Amino acid sequence: MSLPEISFEFFPPKTAEGIDKLRATRAQLAPLKPKFMSVTFGAGGSTQQGTLDTVLEMVGEGFEAAPHLSCIGASKESLRGILALYRAHGIRHIVALRGDLPSGMGEVGELRYACDLVAFVRAEHGDWFHIEVAAYPEYHPQARSPRADLENFARKVKAGANSAITQYFYNADAYFRFVDDVRKLGVDVPIVPGIMPITNYAQLMRFSEMCGAEVPKWIAWRLENFGDDRDAIRAFGLDVVTAMCERLVVNGAPGLHFYTLNGAAASKAICERLRV
Ligand code: FAD
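Residues numbered from 1 in each chain as written. Predicted model: local features only at pLDDT ≥ 70, side-chain atom pairs only at ≥ 80, totals over all residues. Heavy atoms only, no water.

A. Here's a closer look at the site of the ligand. In the vicinity of the ligand, 23 residues are found, and the nearest of them are Phe41, Asp100, Tyr136, His140 and Asp149. Ala114 places a polar main-chain atom, nitrogen or oxygen, 2.8 Å from an oxygen atom of the ligand. If the ligand stood free it would expose 980 Å²; the protein chains cover 86% of that surface. Counting only elements with at least two residues in the shell around the ligand, the list comes to α4 (114-125), α5 (146-158) and β6 (163-168). Take the shell around the ligand: its biggest share by element is four residues, from α5. (Near = heavy atom within 4 Å. Polar contact = N/O pair within 3.5 Å; in protein donor to acceptor, adjacent residues only side chain to side chain. Areas by Shrake-Rupley, 256 points an atom, 1.4 Å probe, with all protein chains shown as cover. Helix = DSSP H or I, 4+ residues; strand = E, 2+ residues; numbered from the N terminus.)

Below, the structure is given as C-alpha cells:
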C-alpha cells in the first residue's frame, strides 16, 4: 500500500536530554519523508519559547515546521508578535487553536474561539500562512451538542482554515461520519486523521480522559490485561492502530498525522507496516 502524506507532532522538550532525544527522534523519522512536523504550544505561556526554539531547529534541519498557536488567554498584541516572528523566519504553516487554559488561570483573552484566531491571522497576514485547525470526530468535550460542534468546526473553515487535523480516535466510523457531516455543511478542506499509537495503557487512559477520546472497551480491556508486559501492549497496539490506519487510507483519508509524544518507534513501525 502506498502511504498518503504523513506528518508528525511533537511537544517542546524542557530539558537538555529531552532536546537531544527529540533530535534523535526527528532523525529516525526523516526517512519517512513527512510533509511537515508540528510542535505544540502551551496556552498560558508555559512552553511558548520552547515551541519557537524547537520549530527553528527543525527549519534549520530542512523540515517544514508548523508551530501550533492558541488564542485563549492571549492578547491580540502578543499573538501579533508571535506571528510576526514566525513570518520573519519564513514559517508559512501553523495549527490555529483555542487551547485550554491551565486550571487557575483566569482571563479568556481577546479572541474567544479558534475561528476568531483563524480570522485574525487571515486579516493580519492574508494568505501567507497555511492554517490547520482541530477537528473532533467524537465531538469536543465542551460542545453544546453534536450539531453545534459540527457547525463550529465549519465556522473555522469558513474563517479561512486550509485543512484540519483530528483529535485521535480508535473508531474509524466516527471519522467517516464526521467527514460526511461536515461536507454537507459545505466544508471541502482535507481532514487528516490524528493517530495516537498505543504503547502505554495507563498513559493512554489518562490522555483519553482529559481530551474526551473514547478507547473502545475491547481495546482497553485487552491492554489492561497485559499488565506490565510492555512488549505485548506494543504488539497489540501496533496491530490495532495499523489496521485502523489502513482502513482510513483505503477509504480516502488524505493523510495521517501522528501524535509521537516525541518518540519515533511506534509511529515508524506503523508507517513501515502500512507500506508493506
Ligand atoms: P474551538 O474550535 O474554538 O472549539 C472549542 C469549543 O468551543 C468547542 O466545544 C466548540 O464547539 C465551541 N465553539 C467553537 N466556536 C464557537 C463559537 N463561535 N460559538 C460558540 N461555541 C463555539 N491545545 C493546546 O493547548 N496546545 C496545542 O498545541 C494543541 N494542539 C492540538 C492539536 C490538535 C490536532 C488537536 C485536535 C487539539 C490540540 N490542542 C492543543 C487541544 C485544543 O486546544 C483543545 O481541544 C481545546 O479545548 C479546543 O481547541 P479548538 O481549537 O478545537 O477550539
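B. How the structure looks around the packing of helix α7 (residues 201-211) against helix α8 (residues 217-225). As a packed pair, α7 and α8 sit with axes 9 Å apart at the nearest point and diverge in direction by 145°. Residues Tyr201, Leu204 and Met205 of α7 touch α8, and the partners they reach there are Ala220, Leu223 and Glu224. Per-class residue counts for the contact of α7 with α8 are five nonpolar, no polar and one charged. (Axes fitted to C-alpha atoms, helices over the stretch in contact; angles between N-to-C directions. Contact = heavy atoms within 4.5 Å. Nonpolar A, V, L, I, M, F, W, Y, C, P; charged D, E, K, R; others polar.)

C. Just the pattern of salt bridges, in detail. Under the definition given, this model contains 14 salt bridges. A salt bridge links Arg23 to Asp20, with the shortest nitrogen-to-oxygen separation between them at 3.1 Å. On the criterion of helical spacing, the pair formed by Arg23 and Asp20 is a turn pair, its members being three residues apart in helix α1 (residues 16-29). For Arg23, a relative accessible area of 37% puts it in the partly exposed group. Between Glu57 and Arg23 there is a salt bridge, and its shortest N-O distance comes to 2.5 Å. (Salt bridge = Lys/Arg side-chain N within 4 Å of Asp/Glu carboxyl O. Buried < 20%, exposed > 50% of the residue type's maximum accessible area, 1.4 Å probe, protein only.)

So yeah, pure geometry; function would need other evidence.
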